[in-house]
Amino acid sequence: MAKQDHWDAVWTAKEPTGMSWYQPEPAVSLGLVGSSGVSPSAPFVDIGGGASTLVDHLLERGHTDLTVLDISARALDRARERLGADADTVTWVEGDAVDPPFRRRFAFWHDRAVFHFLIEAADRAAYLAALRRHLDPDGQLIIATFAPGGPDTCSGLPVRRYDADALADEVGSGFEPVTETREVHTTPWGGEQPFQYVLIRRSG
Ligand SMILES: C[S@@+](CC[C@H](N)C(=O)[O-])C[C@H]1O[C@@H](n2cnc3c(N)ncnc32)[C@H](O)[C@@H]1O
């Protein structure tokens, strides 16, 4: 099945609150965004944001330039339905993170549980090339993936698990790790999933 068909089917089958990755409040991401010092007026993109409530919380914190990219139009519909009128203040982009159709740069790039689906080295290279094209020279990013010891599949697809050093190595030269943290995420049915988060600053 094509990637997009897979994800449209996932986002049609269940309510967003029933997805394993659902968080009513993405507290770790919000904490890292806060600690990064990024201005609320700076362009911010949530890669594979799906129906994440991150945008709701960033809007509450005064962010004014928010973009959500997702491969699934159905996921973006779900998020827009939840946000109601506030959805009009967000830019919604349907596209693949390995070749996103952005025509601009961002000051902040956030990815929770998308990079870990990139099993093929060529896809990771394309994703990281897109990151370099679309992140400001002094921009910052958060990548969060399943940590070592976490599940080896997500939504029925295989994933790669990373610790903080491995994520920093993947992002490569010209970027400096700022901080990292682990979170044991609790799924809606009480399962535990260890996540690794890194906050990284572009330095060259
Ligand atoms: C595990 S969910 C995580 C959703 C969200 N980031 C969160 O933390 O709640 C993965 C999301 O990424 C999207 N996705 C998967 N592969 C993608 C890709 N190659 N490009 C863009 N979005 C992708 C899916 O549709 C889904 O919304």
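One numbering rule holds for all chains: residues counted from 1, following each sequence as written. At least 70 in pLDDT is required for a residue's local features to be given in this predicted model, at least 80 for side-chain atom pairs to be given and counted, and no such filter applies to totals for whole chains, interfaces and linings, which use all residues. Water and hydrogen atoms play no part in the side-chain values, which are based on all heavy atoms of the structure.

A. Looking closely at the pattern of salt bridges. Here a salt bridge means any side-chain nitrogen of Lys or Arg lying within 4 Å of a carboxyl oxygen belonging to Asp or Glu. Summed over the entire model, instances satisfying the criterion amount to 10 salt bridges. Arg82 serves as the salt-bridge partner of Asp56, at 2.7 Å between the closest nitrogen and oxygen. Separated by 26 residues along the polypeptide, Asp56 in helix H3 (residues 54-60) and Arg82 in helix H4 (residues 73-83) bring together distant segments of the chain. Of the residues examined, Arg82 reaches a relative accessible area of 34% and is grouped as partly exposed. Going along the chain from the N terminus, every DSSP run of H or I of four or more residues is numbered as a helix, and every run of E of two or more is numbered as a strand. Three exposure classes are used, based on accessible area relative to the maximum for each residue type with a 1.4 Å probe and protein chains only: buried under 20%, partly exposed in between, and exposed over 50%.

B. Geometry of the site of the ligand. Residue proximity to a molecule or strand is established when one non-hydrogen atom of the residue lies within 4 Å of it. Near the ligand you find 18 residues, and of these Gly48, Asp70, Asp96, Ala97 and Arg112 are the closest. The backbone of Ile71 places a nitrogen or oxygen atom 3.2 Å from a nitrogen atom of the ligand. Methods summary: accessible areas were calculated by the Shrake-Rupley approach with a probe of 1.4 Å, and residue burial reflects only the protein chains presented. Against a free-state accessible area of 590 Å², the protein chains account for coverage of 98% of the ligand. Within 3.5 Å is the distance limit for a polar contact, defined as a pair of N or O atoms, with the added protein rule that one can donate a hydrogen and the other accept it, and that residues adjacent in sequence qualify only through two side-chain atoms.

C. Representation of a negative patch on the surface. Like charges within 9 Å and nonpolar side chains (Val, Leu, Ile, Met, Phe, Trp, Tyr) within 5 Å are joined into patches, using only residues over 30% in relative accessible area that form no salt bridge. His is not counted here, nor are the chain ends, while Lys and Arg score as positive and Asp and Glu score as negative. Each charge is placed at NZ for Lys, CZ for Arg, CG for Asp and CD for Glu. Residues Asp163, Asp165, Asp169 and Glu180 make up a contiguous surface patch of negative charge. Tracing the backbone shows Glu180 in strand S8 (residues 175-186).

D. The arrangement of the sheet that holds strand S1 (residues 44-47) in detail. Taken in spatial order, the seven strands make up an open sheet running S3-S2-S1-S4-S5-S9-S8, and their pairing is mixed. Either end of the sheet is taken by a strand with one partner, and the two such strands are strand S3 (90-94) and S8. Strand-to-strand twist in this sheet, taken as the mean axis angle between neighbours without regard to direction, amounts to 15 degrees. In this structure, S8 lies alongside strand S9 (residues 192-202), joined through 11 bridges in antiparallel fashion. By the bridge assignment, Pro177 is partnered in S9 with Ile200. Each pair of strands is called paired provided DSSP finds at least two bridges between the two strands. Angles shown run from 0 to 180 degrees and are taken between the N-to-C directions of axes, each axis being a line fitted to C-alpha atoms and, for helices, limited to the stretch in contact.

E. Region of interest: the side chain of Gln140. Take Gln140: it is sitting in strand S5 (residues 135-146). At a separation of 3.2 Å, a polar atom in the side chain of Gln140 contacts the main-chain carbonyl oxygen of Ser36. We call two residues in contact whenever any of their non-hydrogen atoms come within 4.5 Å of each other. Once residues lying within four places of it in the same chain are set aside, the contact partners of Gln140 are Ser36, Val38, Ala107, Phe108, Trp109, Leu135, Leu199, Ile200 and Arg201.

F. Structural detail: the side chain of His6. Within the fold, His6 resides in helix H1 (residues 3-13). Residue His6 is classed as buried on the basis of its relative accessible area of 15%. Of note is the side chain of His6, whose polar atom sits 3.1 Å from the backbone oxygen of Ser155. With near-sequence residues (within four places) excluded, His6 lies in contact with Met1, Ser155 and Leu157.

G. Local environment of the packing of H1 against H4. Closest axis-to-axis distance for the H1/H4 pair is 7 Å, and the angle between their directions is 35 degrees. Contacts between H1 and H4 involve Asp8, Trp11 and Thr12 from the first element and Ala73, Arg74, Ala75 and Arg78 from the second. A breakdown of the residues in the contact of H1 with H4 according to their chemical character gives three nonpolar, one polar and three charged. The nonpolar class holds Ala, Val, Leu, Ile, Met, Phe, Trp, Tyr, Cys and Pro. Asp, Glu, Lys and Arg form the charged class, and all remaining residues, Gly among them, are polar.

H. Region of interest: H4. Looking at H4, one finds that the buried residues are Ala75, Leu76, Arg78, Ala79 and Leu83. Around the axis of H4, the buried residues are gathered within 155 degrees of arc, so they sit on the same side. Those residues of H4 that are buried are in contact with H1, H3, strand S2 (66-70) and S3. Where H4 begins, the capping side chain belongs to Ser72, and its oxygen is found 3.2 Å from the backbone nitrogen of Arg74. By arc we mean the arc of the directions from the helix axis to the C-beta atoms, nothing more.

I. Here's a closer look at helix H6 (residues 164-171). Considered for burial, the residues of H6 that qualify are Ala164, Leu167, Ala168 and Val171. Seen end-on, H6 carries its buried residues on one side only, within an arc spanning 100 degrees. Across H6 from its buried face, at more than 90 degrees, point the exposed residues Asp165 and Asp169. Contact partners of the buried residues in H6: helix H5 (121-134), S5, S8 and S9. The N-cap residue of H6 is Asp163: its side-chain oxygen and the backbone nitrogen of Asp165 are 3.3 Å apart.

Geometry only, nothing functional implied.
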